[in-house]
Amino acid sequence: MSGYYTVGGGRPLNGSLKVSGAKNAALKMIVASLIADGVTTLRNVPNITDVEITLKLCGELGATYRWTDDTTVEIDARTVNNHVIPVKYSGSTRTPILFVSPLLHRLGKAEVATIGGCSIGPRPINYHIEGLKQLGVHVDMTGKTAYCFQADRLKGNIISLEYPSVGATENLIMAAVAAEGRTVIQNAAIEPEILNLVGMLQAMGAIIYQDVNRVWIIEGTKKFRAVEYDVMYDRIEAASFAACALATKGDVFVEGAIQRDMATFLDVLRKIGGSFDIKPHGIRFSYEGELKPVNMETDVHPGFMTDWHPPFGALLTQANGISVIHETVYESRFGYVETLVSMGARIQLTTDCLGSRECRFTNKNYKHSALIAGVTPLRPGTLHIPDLRAGFAYIMSALIAEGESRIYGTEFVKRGYSDLIGKFRAIGADIDEVEENAD
Ligand code: EPU
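Residues numbered from 1 in each chain as written. Predicted model: local features only at pLDDT ≥ 70, side-chain atom pairs only at ≥ 80, totals over all residues. Heavy atoms only, no water.

> Help me understand the overall build of the chain, please; the structure alone is not making it clear to me.
Secondary structure assignment for the chain yields 13 helices and 24 strands. For a compact globule of 439 residues, the expected C-alpha radius of gyration is about 22 Å, and the chain comes in at 22 Å, within 12% of that figure. C-alpha atoms of the chain, sized along the principal axes, occupy 60 × 50 × 45 Å. A total of 439 residues make up the chain; the buried ones form 58% of that total. Split by element, the accessible area of the chain, about 17300 Å² in all, is 47% carbon and sulfur. Each charge class in the chain can be summarised by its mean position, and for the 43 positive and 49 negative side chains these summaries are 3 Å apart. (Helix = DSSP H or I, 4+ residues; strand = E, 2+ residues; numbered from the N terminus. Rg over C-alpha atoms; globule rule 2.2 N^0.38 Å. Buried < 20%, exposed > 50% of the residue type's maximum accessible area, 1.4 Å probe, protein only. Areas by Shrake-Rupley, 256 points an atom, 1.4 Å probe, with all protein chains shown as cover. Lys, Arg positive; Asp, Glu negative; His and termini not counted. Charge placed at Lys NZ, Arg CZ, Asp CG, Glu CD.)

This is the structure in structure tokens:
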């Protein structure tokens, strides 16, 4: 059921909240459980729509699953018998393509409907396809509507990714763990969420290690036992609440946040004059006085995460001076800007690379850099969420703006944030959800 949020803004957020498990680790670990020969138990799984969809997809493939408490799920992969990912799952999440590797290991084939783009960019899967081909997978198209993958046995190889794609790295790692011989993945992604997945695969029986310069080395093995494993905390959620604390001149303790995975974020936060305090079980973020502008760019890990960007963009409307954001991961991440401008923000987009270096989007006509002039008071409004992270930026902007805002598109936010309302209320936010067809 869709609905909207009502948000009363204009007051500082103060208090403490506990961050949930990471969406972008949990989804891949659910997929990886299909490689195991038994019942996998995943703990700290966030209760979000994307997880629910991914679990349903496991069910369609023949696996069974059940929640044993709010954040623990058991997945039994021994009954997987269907290699076709139903078309209804394509477009709604990015996970269908990741199921290819477990399906190839179990059934020797997989079929996935072509995956479309989304509001943050076209999001192709060419790196996945090319990498799988290099591991000996035969890839075909049926009627331009589905990719068919086939391989009796995958063979290790040296793969060099054109770009350190998170999904392609995860897919190829999951393919390589059961391939014959050694696979080397160069120019690979090394996000903490990938380390979480790798840790799980190693516990299951995989031989896998990281070398310098973005290299993963995997020695193929045959036996994968089911394990009990913890999903790491969501560092996107943690940083988003940190941005909220500062933007509303508040003071928020984010329980479960870990400095190691957020170092780049913390550096940028410090540059703008935000304060943080590393505690044994989390990080406290507080406003200590006027915020300064910054020049920053998003990048693959260990750079500033692209998913931290929209809330941070909203925060920079409250910094005194002109800030620059250069987005280098997605072509169209600035979809949130028009709405912020309608609320009073002063933001100008450009196709130029305004960072310290050129990026993949140089001379490509994508508006992927922004100049943000602050401090601008924001006005409340009626907002329509275009994507998950923009959704958080809108709620945050509504919390900055004095007065009441109405925000449509709650379904986008529920894809990636567990109990968002509860967390916001825990830090004193005036936020409510109204079902569209309520009386
Ligand atoms: N790309 C290609 N070809 C490919 C794969 C990727 O051109 O075959 C491009 C993409 O279009 C994009 C860039 O490479 O411009 C990065 O894509 P990547 O593959 O790294 O992203 P992903 O695996 O599809 C995950 C997260 C995203 C997060 C990115 C970057 C999940 C489920 N999604 O996506 O999270 O932004 O990595 O860190 O893990 C979100 O949580 O809101 C979200 C979008």
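Picking up after the structure, the text goes on.
> Is there a simple way to think about unusual backbone geometry in this case?
What is expected of a backbone is that most residues other than glycine have negative phi and most peptide bonds are trans. The amide bond that connects His-301 to the next residue, Pro-302, takes the cis arrangement and shows omega of 15°. With respect to the secondary-structure elements, Pro-302 resides in the loop between β18 (295-297) and α9 (309-316). Note the cis peptide between Gly-374 and Val-375, where omega equals 5°. Mapped onto the secondary structure, Val-375 falls in the loop between β21 (369-374) and β22 (382-384). The backbone phi angle of Asn-213 is positive, close to 60°, even though this residue is not glycine. Secondary-structure assignment places Asn-213 in the loop between β12 (207-211) and β13 (215-219). The phi angle at Asn-365 is positive, at roughly 70°, despite the residue not being glycine.

> Would you take a moment to explain the sheet that holds strand β23 (residues 403-408) for this structure?
The strands making up a sheet are joined through hydrogen bonds of the backbone, oriented either antiparallel or parallel. Overall, mixed pairing links the 4 strands, which are arranged β22-β23-β1-β24 in an open sheet. At either margin of the open sheet sits one strand with a lone partner, and together these are β22 and β24 (430-435). The average angle at which neighbouring strand axes cross in this sheet is 20°, direction not considered. Both strand β1 (residues 3-9) and β24 contribute to a ladder of 6 bridges, which runs antiparallel. Residue pairing for β24: Gly-8 is matched across the bridge by Asp-430. Strands in contact with helix α11 (residues 388-400) are β1, β22, β23 and β24; relative to β1, the strand with the most contacts, it is inclined by about 35°. (Pairing = 2+ DSSP bridges. Axes fitted to C-alpha atoms, helices over the stretch in contact; angles between N-to-C directions. Contact = heavy atoms within 4.5 Å.)

> What should I look at first to understand the sheet that holds strand β6 (residues 84-85) in this one?
The 4 strands lie next to each other as β6-β7-β9-β8, forming an open sheet whose pairing is mixed. Because the sheet does not close on itself, it has two edges, and the strands there are β6 and β8 (138-142). Across 5 bridges, strand β7 (residues 109-113) lies against strand β9 (residues 146-150) in antiparallel orientation. Across the sheet, the residue bridging to Lys-109 is Gln-150, located in β9. Sitting on the sheet, helix α3 (residues 100-107) touches β6, β7 and β9, and the angle it makes with β7 is about 150°.

> Before we go on, may I ask you to explain the nonpolar core in this structure?
Note that soluble globular proteins tend to have their nonpolar side chains buried in a common cluster. With 153 residues, the main nonpolar core has Phe-149, Met-262, Phe-265, Phe-285 and Phe-424 as its most contacted residues. Here this core gathers at least three residues from each of two domains, domain 1 (2-20 + 233-436) and domain 2 (23-228). (Core = buried A, V, L, I, M, F, W, Y, C linked by side-chain atoms within 4.5 Å. Domains from an automatic or database assignment.)

> How should I be thinking about the site of the ligand in this particular structure?
Within the structure, the ligand sits among 23 residues, and Lys-28, Asn-126, Ser-165, Val-166 and Val-329 are positioned closest to it. Within the side chain of Arg-360, an N or O atom sits 3.1 Å from an oxygen atom of the ligand. Isolated, the ligand exposes 820 Å² of accessible area, and the fraction of that covered by the protein chains is 92%. Only α1 (23-32), α4 (126-134), α5 (166-176) and α11 provide two or more residues apiece to the shell around the ligand. For the shell around the ligand, the domains that each give at least three residues are domain 1 (2-20 + 233-436) and domain 2 (23-228). (Near = heavy atom within 4 Å. Polar contact = N/O pair within 3.5 Å; in protein donor to acceptor, adjacent residues only side chain to side chain.)

> Quick question: what am I supposed to make of the side chain of Ser-20 here?
Relative to the helices and strands, Ser-20 resides in the loop between β2 (14-18) and α1. We classify Ser-20 as buried; its relative accessible area is 14%. A distance of 2.6 Å separates polar atoms of two side chains, one belonging to Ser-20 and the other to Lys-423. Residues contacting Ser-20, with those up to four places away along its chain left out, are Asn-44, Pro-46, Met-232, Tyr-233, Asp-234, Glu-237, Ser-418 and Lys-423.

> I'm lost on α4 in this one. Help?
An α-helical segment advances 3.6 residues per turn. Residues three or four places apart therefore align on the same side. All of the buried residues in α4 are Tyr-127, His-128, Ile-129, Gly-131 and Leu-132. Of the surrounding secondary structure, the elements contacted by the buried residues of α4 are α3, β8, β9, β10 (158-160) and α5. Of the residues flanking the end of α4, it is Gly-136, one or two places downstream, whose phi is positive at about 90°.

> Quick question: what am I supposed to make of the pattern of salt bridges here?
Pairing between side chains of opposite charge can happen when the charged atoms of each approach one another. All told, the structure shown has 22 salt bridges when counted by the stated rule. One salt bridge in this structure joins Lys-133 and Glu-130, with 3.9 Å as the shortest N-O distance. Of this pair, Lys-133 and Glu-130 both sit in helix α4, 3 residues apart, which is roughly one turn of the helix. Here Lys-133 falls in the partly exposed class, since its relative accessible area comes to 40%. What you see here is one network of salt bridges that share partners, running through Arg-43, Glu-228 and Asp-230. (Salt bridge = Lys/Arg side-chain N within 4 Å of Asp/Glu carboxyl O.)

> How should the domain arrangement of the chain be read in this particular structure?
It is common to give the size of an interface as the accessible area that goes away when the parts come together. Domains assigned within the chain are domain 1 (2-20 + 233-436) and domain 2 (23-228). Between domain 1 and domain 2, the C-alpha centre-to-centre distance is 30 Å. Listed as interface residues are 26 residues of domain 1 and, on the opposing side, 23 residues of domain 2. Both sides of the domain 1 and domain 2 interface together cover about 2000 Å² of buried area, and 48% of this is carbon and sulfur. (Buried area = accessible area lost by both parts, 1.4 Å probe.)

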